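A look at the structure
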Amino acid sequence: MCKESGIGQNGTYVVTPVEISNRIQNMKETKTLLKETIKNFPIQCGVYLMKDINNHVIYVGKARNLKSRVRSYFSNAKSFKNVFLIPRIHHIDYILTDTEVEAYLLEASLVKKHNPRYNVRLKDDKSYPYIRCSMEESFPRFYMERRVKKPGSLYFGPYTDAGFVRQMIHLLNTRFKVRDCSNHFMKGRKKPCLTYYIGSCTAPCVNKVGKVDYSKQVKQSLSFLRGTGKVILKDMEKRMKQLSKQERFEEAARLRDSIKAVEFCRAKQSIVSQRKKNGDVIAFHQDKQAILFQTLHIRIGTVVGHRSYYHSRFRQSPKFISERLCSFVIQYYMDNLLPELILISAKYKGYFSTLEKALSKIHGKSVCVRGPKGSIEKKLMDMALKNAQSRFKEQNAKKQSLLHALEDIQKKFNLKCLPERMECFDISHFQGQQQVASHVVFHEGIPKKEDYRRYKIKTVEGVDDFSSIKEVLDRRFKHREYPDPHLLIVDGGKGQLTKALLALKEAGKEDIAVVAMAKARVQSDFTAKEVKSSSEKFFLPGRKNALYFHSHSEALRILTHLRDEAHRFAITYHRKLFQKSF
Ligand code: SF4
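Quick summary incoming for the structure in this document. These numbers were taken from a predicted model, which means no experiment stands behind them.

Description of helix H13 (residues 374–412)
- Taking 1.5 Å of rise per residue, 39 residues should cover 57 Å, and H13 covers 57 Å from first to last C-alpha, within 8% of that figure.
- Burial in H13 covers these residues: Glu377, Leu380, Met381, Ala384, Ala388, Arg391, Phe392, Gln395, Leu402, Ala405, Leu406 and Ile409.

The structure is reproduced here in structure tokens:
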């Protein structure tokens, strides 16, 4: 057994029993210190921010009574949060607010700003597109967008099929002759573009149409989008039949696609209410480990889409579920369209007026939050619940499979903990020109794109990937604000690995596990009857032979995905610089 902590014979970091007991002792001391600090917390409404040793916010919560809420984290020794969150807390800050509504709003904006690790992240499994009409511009146009962010614009949706949305926008542009060019393209033009000559735009760029007439075009297209353009749809159907009679099948097929897009966007297929109101239904499903929020979107009396937000590592007592639900609703509507009506289970009616006040403050317009009334609304609530349950099962299965894969990686590389955060580095250049590096991050087995970074190699001349890896790792570990990875992967072989180890040593980060991943190679030549390809190889420090994963394993799929992402990110940046250099 090793007597000191450090790199062991197999290259992994060895933690001695002495160090483990030191860590436990430190943790106990921190906990005692925190408990002491909490004693001085105010008995008032506000928001608390839990921070780790690097001063990163890892959790944000709101409370009516800050002292008792924060103290509750330290009372239940077996709670989920005690196991995962508490050991990582170094200190806790708080901000007082006058009212509970303000606390909810502040919590939502702080979660958005810091994206804390242990808060529900409002990242849906899929982001559905909206159609945006840029009413704030002098000559509005239509865009497809995934977030509601421009004040003054009109948004329609969300829709579930981006292809249909694109077709719909194309149809709106051509049918109502609305411009489809960017502001930059339109600015300073002396003559119209081809779109004008083929009759698909009235050319506001060169004043061939005035503001008043152009706004009439936009008005017509909006009423069509709102579902009042049935006459045009009938016209299109008639024209399609004529075209097929004349055996102009290509044109007829194009028209058929447009009709489909219109029908889809008007969501004729699932009309659920004749009241033509816009509303959202919100439901959730949870177990001891995770929670999933489900939203259903009803536009002009029709279900046009749904979204789900899954959050694992969740364990809340029923007392706090309603608060979690409120926080979710407020965070969700910070970035999304606020409908006239939001339906939530009547069980949480005690929170409806707080939500109404908070949402009205965010959007500057009133909203009705209430439980479902009547059979149609109850049916919608059931639908949202059923969807939540089914997606929850799906997400749980996905999560379990990812967890098993991470456990496989931990076992194979003999890591001291689960590789929750993995970082991969790759170099890209053309014969030593425009050398760049990518830094790609996977959190719990999936890409965390907001943490991706790219670097221009500054000190290396010519083809020298080893030194480039060293330079980029030196620069990466100067960023003390980035969390340390549990596993660092460099694209390449033993040479890259040696340089990575050197960089880690110089940065004082020897306890970070590192491996080099060499690409699979096709080994046969053109004349060979059988084409053989090698598997991905992994080189570990202090180990002579490479390691291999089973070719169909989920662990290998994740690692290959991570490496391919790094490759894609590096090459995209390299191409961009290369094109710029001409
Ligand atoms: S004609 Fe003018 S306004 Fe219309 S698309 Fe072309 S550039 Fe834009």
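Describing the pairing of strand S9 (residues 279–286)
- The element S9 is largely enclosed, with a buried count of six among its eight residues.
- Across eight bridges, S9 lies against strand S10 (residues 291–299) in antiparallel orientation. Its bridge partner being in S10, Gly279 is matched across the sheet by Ile298.
- Joining the antiparallel neighbours S9 and S10 is a turn of four residues.

Examining the packing of helix H4 (residues 100–114) against helix H12 (residues 352–363)
- Closest axis-to-axis distance for the H4/H12 pair is 9 Å, and the angle between their directions is 55°. On the basis of their axis angle, the class for H4 and H12 is oblique. Our pair here, H4 against H12, has a crossing hand that is right-handed. Together, Val101, Glu102, Tyr104 and Leu105 of H4 and Thr354, Lys357, Ala358, Lys361 and Ile362 of H12 make up the contact between the two elements.
- Classifying every residue of the contact of H4 with H12 by side-chain character gives five nonpolar, one polar and three charged.

A look at the sheet that holds strand S8 (residues 154–156)
- The strand order S7-S6-S8 describes an open sheet built from three strands, whose pairing is antiparallel. Edge positions in the open sheet fall to strand S7 (142–145) and S8, since each of these has one partner strand only. If you compare each strand with its neighbour and ignore which way they point, the axes differ by 30° on average.
- Where strand S6 (residues 130–133) meets S7, four bridges bridge the pair, whose relative direction is antiparallel. In the strand pairing of S7, Cys133 is matched with Phe142.
- On top of the sheet, helix H5 (residues 162–175) reaches S6 and S7; it is set at about 170° to S7, its chief contact.

Focus on the site of the ligand
- Taken together, 13 residues sit near the ligand, with Cys181, Arg189, Cys193, Cys201 and Cys205 positioned nearest.
- Here the residues of the shell around the ligand sort into nine nonpolar, one polar and three charged.

Comments concerning the sheet that holds strand S4 (residues 57–63)
- Strand order in the open sheet made by the three strands is S4-S3-S5, with antiparallel pairing throughout. On the outer flanks of this sheet lie S4 and strand S5 (91–96), each paired with one strand and no other. Recorded for the sheet is a direction-independent mean angle of 20° between the axes of neighbouring strands.
- By the bridge criterion, six bridges tie strand S3 (residues 46–51) to S5 in an arrangement that is antiparallel. Following the sheet pairing, Met50 is matched in S5 by Ile92.
- On top of the sheet, H4 reaches S3, S4 and S5; it is set at about 170° to S4, its chief contact.

A look at the packing of aromatic side chains
- Here the structure, examined in full by the defined rule, presents 18 aromatic pairs.
- With a centroid separation of 5.5 Å and an interplanar angle of 55°, the aromatic rings of Phe413 and Phe538 are classed as tilted. With a gap of 125 residues between them, Phe413 in the loop between H13 and strand S14 (421–430) and Phe538 in strand S20 (residues 537–539) connect regions that are remote in the sequence. Each member of the pair, Phe413 together with Phe538, is buried.
- Each ring, one from Phe538 and one from Phe549, has its centre 5.3 Å from the other, and the planes form 80°; the classification is edge-to-face. Here Phe549 lies in the loop between S20 and helix H16 (554–580) and Phe538 lies in strand S20, a separation of eleven residues in the sequence. The pair Phe538 / Phe549 is uniform in exposure class, with both members buried.
- An aromatic cluster is present here, built from Phe284, Phe293, Tyr309, Phe328, Tyr332, Tyr333 and Tyr348 joined pairwise through their rings.
- The positively charged end of Lys62 is found above the aromatic ring belonging to Tyr104, 4.5 Å away from the centroid.

Overview of the packing of helix H14 (residues 465–476) against helix H15 (residues 494–506)
- Between H14 and H15, whose axes approach to 8 Å, the crossing angle comes to 25°. Of the possible angle classes, the one that applies to H14 and H15 is roughly parallel. Here H14 and H15 pass one another in a crossing that is right-handed. Across the interface between the two elements, Asp465, Phe466, Ile469, Lys470, Leu473 and Asp474 of H14 pack against Gly495, Gln496, Lys499, Ala500, Leu502, Ala503 and Glu506 of H15.
- Considered class by class, the residues forming the contact of H14 with H15 number six nonpolar, two polar and five charged.

Examining a positive patch on the surface
- A surface patch of positive charge is lined by Arg454, Lys456, Lys458, Lys478, Lys576 and Lys580.
- Among the secondary structure elements, those contributing two or more residues to the positive patch are strand S17 (453–456) and H16.
- Within the fold, Arg454 resides in strand S17.

Here we look at H5
- Across its 14 residues, H5 extends 20 Å between first and last C-alpha, which sits within 8% of the 20 Å expected from 1.5 Å per residue.
- All buried positions along H5 are accounted for by Ala162, Val165, Met168, Ile169, Leu171, Leu172 and Asn173.
- Where H5 terminates, the next one or two residues include Lys177, which has phi positive at roughly 55°.

About the criteria used
Residues numbered from 1 in each chain as written. Predicted model: local features only at pLDDT ≥ 70, side-chain atom pairs only at ≥ 80, totals over all residues. Heavy atoms only, no water. Helix = DSSP H or I, 4+ residues; strand = E, 2+ residues; numbered from the N terminus. Expected span 1.5 Å × (residues − 1). Buried < 20%, exposed > 50% of the residue type's maximum accessible area, 1.4 Å probe, protein only. Pairing = 2+ DSSP bridges. Axes fitted to C-alpha atoms, helices over the stretch in contact; angles between N-to-C directions. Parallel < 35°, antiparallel > 145°, perpendicular 65-115°, else oblique. Left-handed = near helix turned anticlockwise from the far one by under 90°. Contact = heavy atoms within 4.5 Å. Nonpolar A, V, L, I, M, F, W, Y, C, P; charged D, E, K, R; others polar. Near = heavy atom within 4 Å. Phe/Tyr/Trp six-rings, centres within 6.5 Å; stacked < 30°, edge-to-face > 60°. Lys NZ or Arg CZ within 6 Å of the ring centre and 35° of its normal. Patch = residues over 30% accessible without salt bridge, like charges linked within 9 Å, V, L, I, M, F, W, Y side chains within 5 Å. Areas by Shrake-Rupley, 256 points an atom, 1.4 Å probe, with all protein chains shown as cover. Salt bridge = Lys/Arg side-chain N within 4 Å of Asp/Glu carboxyl O. Lys, Arg positive; Asp, Glu negative; His and termini not counted. Charge placed at Lys NZ, Arg CZ, Asp CG, Glu CD.

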